[in-house]
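# Results of the structural survey
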Amino acid sequence: MAALRRIARERGGWWHAYVCPAHGVELDHGDLLGGIFPEGGARCALGCRVDTKAVRGAWLVLSHQAWARHLRVLAHRGERTEVVARLVEYSAVYAGLATERHGEAQTWMLRGRLFHQALTDAIWAVNIGHTVSTLAGTGTEDLVAVLPLLDDLEQAALDARSVLTGQGHLASNYTAWLNAAGVATSRAAAAVRSGEWDGAKRWLEGDHGLYAHLRVAVAEDGWEWEGSTYYHGFVLRAALLALRSTDPAAIPSDVVGVLAGMTDVLAAIATDGGILPALHDGPYLRRPLALEWLELNSLAQQLVPSEALEAVAVRARAELGEHDDGLDRELGGWFTGPPLPRRAAPGPVTVFPSAGYAVVRAEGIHALLDFGPHGGSHGHRDKLSLYLYGATTPWQPDPGQVPYGHAEFRDLYTSTEAHPAFRVDGTEQAECTGTLLDSDPVSVTAEVTTAYEGVRAVRRVAVGDCYLVDLLTVTGPQARRIAAQLRPGTALDIQLQANGPVRTTWYGEETLHGWHTHTPGVPVRPVTLPGPGPADDPQRVRTRVDFTCEAAERVTFASVYQAASAGPAVTDVRLDGEELTVDLTDGSTARFRTEG
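Reading guide: rules and limits
- Residues numbered from 1 in each chain as written.
- Predicted model: local features only at pLDDT ≥ 70, side-chain atom pairs only at ≥ 80, totals over all residues.
- Heavy atoms only, no water.
- Helix = DSSP H or I, 4+ residues; strand = E, 2+ residues; numbered from the N terminus.
- Rg over C-alpha atoms; globule rule 2.2 N^0.38 Å.
- Buried < 20%, exposed > 50% of the residue type's maximum accessible area, 1.4 Å probe, protein only.
- Polar contact = N/O pair within 3.5 Å; in protein donor to acceptor, adjacent residues only side chain to side chain.
- Contact = heavy atoms within 4.5 Å.
- Expected span 1.5 Å × (residues − 1).
- Pairing = 2+ DSSP bridges.
- Axes fitted to C-alpha atoms, helices over the stretch in contact; angles between N-to-C directions.
- 1 Å grid on protein atoms, 1.4 Å probe; cavity = no way out; pocket = protein on both sides within 12 Å on 5 of 7 lines; lining within 4 Å.
- Points joined across faces, edges and corners; volume = space filled by probe spheres on them.
- Nonpolar A, V, L, I, M, F, W, Y, C, P; charged D, E, K, R; others polar.
- Phe/Tyr/Trp six-rings, centres within 6.5 Å; stacked < 30°, edge-to-face > 60°.
- Lys NZ or Arg CZ within 6 Å of the ring centre and 35° of its normal.
- Salt bridge = Lys/Arg side-chain N within 4 Å of Asp/Glu carboxyl O.
- Parallel < 35°, antiparallel > 145°, perpendicular 65-115°, else oblique.
- Left-handed = near helix turned anticlockwise from the far one by under 90°.
- Core = buried A, V, L, I, M, F, W, Y, C linked by side-chain atoms within 4.5 Å.

## Observations regarding the overall build of the protein
- For the protein, the helix and strand inventory stands at 12 helices and 19 strands.
- Whereas a compact globule of 596 residues would reach a radius of gyration of roughly 25 Å, the protein reaches 25 Å, a difference of no more than 12%.
- The C-alpha extent of the protein, read off along each of the three principal axes, is 80 × 55 × 45 Å.
- Counting only residues that meet the buried cut, the protein has 61% of its 596 residues in that class.

Next up, the structure:
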């Protein structure tokens, strides 16, 4: 017998509370469409059962959101009777529960009605609106009963947007979703009423509409201002959802340029195998996130086609396996006109000067250097971190973030300690911004001078013929304890040699080899310590390495990385003064300066 499906009759809380307090992992969702919180408590993958008011409220968020998405899928698949009945049911639930702003929301939240946060209301409303619009394409008589819900959701989005923009937060990622909710619900209501949609001035073109938001929230280099992969995609997806039934030619040219630039960002940071680095706040690995990337890819390909996003979609679908609901395959014909020309593939070095990221591609290696602004509440203390990926292997990834409801683990994953950055005297970097010093087609150099008082750090990353060079120089006015950190996401072996550089081997679907040396005459110890791996499971242990100089005014840490598939092989690495020499098995030699 099929499991009973019912809509919960309770308001939702804050989904980020759905986390094990002991282990920091997101709890198992259980049967979200069953409408009943898991008997005995929500399961943790490490054996815990958790049952608190906050966790129950978080589960209700997941349940209501799952229902809204499920109805959208069923609408596309023609299961009209079921969908209309559920929409009418939700109309009654919303009318009975969401009569005022949620009184249990935390003080910092923009309060919602059905949920703690107005943002959560908006995400739910977008799915409800699109469900009705899809049904309205084949008839509207049975949808009249849903009009009060649609009208209430539009008004709630407008009220919340007024509060947010009244506080001066037009650039907030919330604004994108409140506008998307306003568009989706008002368009659906107009379709049910068989009238022309008249909401463009309010939701797209006005002073607080989507276009105004995108113009202030996205920098010239294409990045959403927070510099987070997740929130960048979050805003882009909201914008694409808001533009259903729009001719790309009718979108203002500067806004089209913003959307194209945002797509180019994802294409540049994605590996050839479709890994999207979890820069700054955002889940490292999560099934609902994979569904979001699939939806974004489906919509973006119809506006600004990109081969790199196709790889992201392939990887996301593989991550989902049997949990793929196929919604993205139902979204054809999203726009009423043809797409823009296909985007060009990124070159060996791509620099985003506003967000402060550089992507460097060597043979078999995909590297990212982080030197930019802190990123507001979603930023990490990680200046001059260097992230290393193969096509499908996260050798040294940005570790991502746990659900925000776990304060201790959230702080851990924002810390300098958790990132492949540099540290001085074992302390945390200040929240700060670095500077791009130089870039060319094969290298990038950046510095930071405000992470530690009086300390200047410069990192140069360069593409060799078949390897990647990393040169990190740290200078201060007096002798300090300085460490250059390796933070593997995979298994790693480290070997000290009697003479010559320290060797590392990084495992995974692809293998990476490393050679590590430092300024001659400056004592540096490679100290290995167990530490938590990426944020999807803080209990997973990885071998961390700190190349530690106990007391120096100036030290350069030099590393050369080569994918096992690349060649000819590196045979030796030497640092002499301000120059690194790399020797290969074919007898060739290359030299690299330490900084600009």
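Picking up after the structure, the text goes on.
## Details of the side chain of R487
- Note that R487 resides in the loop between β11 (468-486) and β12 (492-495).
- Owing to a relative accessible area of 5%, R487 belongs among the buried residues under this scheme.
- A distance of 2.7 Å separates a polar atom in the side chain of R487 from the backbone oxygen of E417.
- Once residues lying within four places of it in the same chain are set aside, the contact partners of R487 are W395, Q396, P397, E417, A418, H419, P420, R423, R544, V545 and D546.

## Observations concerning helix α10 (residues 287-300)
- Between its first and last C-alpha, α10 extends 20 Å over 14 residues, near the 20 Å set by a 1.5 Å rise per residue.
- Taken residue by residue, α10 has L289, A290, L291, E292, W293, L294, E295, L296, N297, S298, L299 and A300 as its buried positions.
- Buried residues belonging to α10 abut α1 (53-76), α8 (229-242), α9 (253-269) and α11 (307-320).

## Let's talk about the sheet that holds strand β18 (residues 579-584)
- Sheet architecture is open: three strands sit in the order β17-β18-β19, paired in antiparallel fashion. Looking at strand neighbours, the two that pair on one side only are β17 (570-576) and β19 (589-593), the edges of this open sheet. Neighbour-to-neighbour, the strand axes of the sheet open up by a mean angle of 20°, direction not taken into account.
- The sheet contact formed by β17 and β18 spans six bridges and is antiparallel. For D572, the partnering residue across the bridge sits in β18 and is D583.

## A short note on empty space enclosed by the protein
- Per the counting criterion, the structure on display carries four cavities of 30 Å³ or more.
- Of the volumes computed, that of the largest cavity is approximately 120 Å³.
- A breakdown of the residues in the lining of the largest cavity according to their chemical character gives eight nonpolar, five polar and two charged.
- Here the second largest cavity is characterised by a volume of approximately 90 Å³.
- Looking at the lining of the second largest cavity, its residues break down into seven nonpolar, two polar and three charged.

## Topic: the packing of aromatic side chains
- Using the criterion set out here, one finds 14 aromatic pairs in the structure.
- Judged by centre distance (5.2 Å) and plane angle (40°), the ring pair of W177 and F234 falls under tilted. Residue W177 is found in helix α5 (residues 173-192), and its partner F234 is found in helix α8; the two are separated by 57 residues along the sequence. Here W177 and F234 have matching classes, each one buried.
- Plain terms: the ring middles of Y231 and F234 are 5.8 Å apart, the flat faces sit at 80° to each other, and that makes the pair edge-to-face. One end of the pair, Y231, and the other, F234, are both in helix α8, three residues apart, so they sit about a helical turn from each other.
- These aromatic residues form a ring-pair network of at least three members: Y90, Y94, F115 and W124.
- Note that R286 overlies the ring of W15, its terminal NZ or CZ placed 3.9 Å from the centroid.
- The ring of Y404 carries R410 above its face, with NZ or CZ at 4.0 Å from the centroid.

## Focus on the pattern of salt bridges
- What the rule picks out here adds up to 42 salt bridges.
- Between E89 and R9 there is a salt bridge, with the nearest N and O atoms lying 2.8 Å from each other. One end of the pair, E89, is in helix α2 (residues 80-97); the other, R9, is in the segment before β1 (42-43), with 80 residues separating them in the sequence.
- Close ionic contact of R361 with D272 constitutes a salt bridge, the shortest N to O distance being 3.1 Å. Placement of the pair is R361 in strand β4 (residues 357-362) and D272 in the loop between α9 and α10, with a sequence separation of 89 residues.
- Assessed through its relative accessible area of 16%, R361 is described here as buried.
- The class for D272 is exposed, based on a relative accessible area of 64%.

## Some words on the packing of α2 against helix α3 (residues 118-136)
- Running from N to C, α2 and α3 point in directions that differ by 140°, and their axes come no closer than 11 Å. Here α3 runs oblique to α2, going by the angle between their axes. Between α2 and α3 lies a crossing whose hand is left-handed. For the pair α2 and α3, the contacting residues are R80, V83, V84, L87, Y90 and Y94 in the first and D121, W124, I128, T131, V132 and L135 in the second.

## Regarding the environment of E10
- On the secondary structure map, E10 appears in the segment before β1.
- Expressed as a C-alpha distance, the spacing of E10 and L60, which sit 50 residues apart in the sequence, is 7.4 Å.
- In this structure E10 touches L60, H64 and L97, once residues within four positions along its chain are discounted.

## Looking at the environment of L285
- Its location among the elements puts L285 in the loop between α9 and α10.
- Between the C-alpha atoms of L285 and E319, which are 34 residues apart in sequence, the distance is 8.9 Å.

## Concerning the pairing of β12
- Here β12 pairs with strand β13 (residues 502-506) via four bridges, running antiparallel. Across the sheet, the residue bridging to D493 is T505, located in β13.
- Here β12 folds back onto β13, and the loop between the two strands holds six residues, one of which, G500, carries a positive phi near 95°.

## With respect to unusual backbone geometry
- Geometrically, the link from G567 to P568 is a cis peptide bond, its omega value of 5° lying close to zero.
- Secondary-structure assignment places P568 in the loop between β16 (541-563) and β17.
- In this structure, S194 takes a positive phi of about 60° despite not being glycine.
- Take S194: it is sitting in the loop between α5 and α6 (200-205).
- For S194, a relative accessible area of 63% translates into the label exposed.

## Points about the nonpolar core
- Counting 132 residues, the largest nonpolar core has Y18, W124, L214, I269 and F352 as the members making the most contacts within it.
- Top element by residues in this core is α1. It accounts for 12 residues.
- The residues contacting Y18, other than those within four sequence positions of it, are E26, L27, D28, H29, F37, P38, A42, V55, A58, W59, L62 and P403.
- Formed by 44 residues, the second largest nonpolar core is a distinct cluster that contains A362, F371, L486 and F557.

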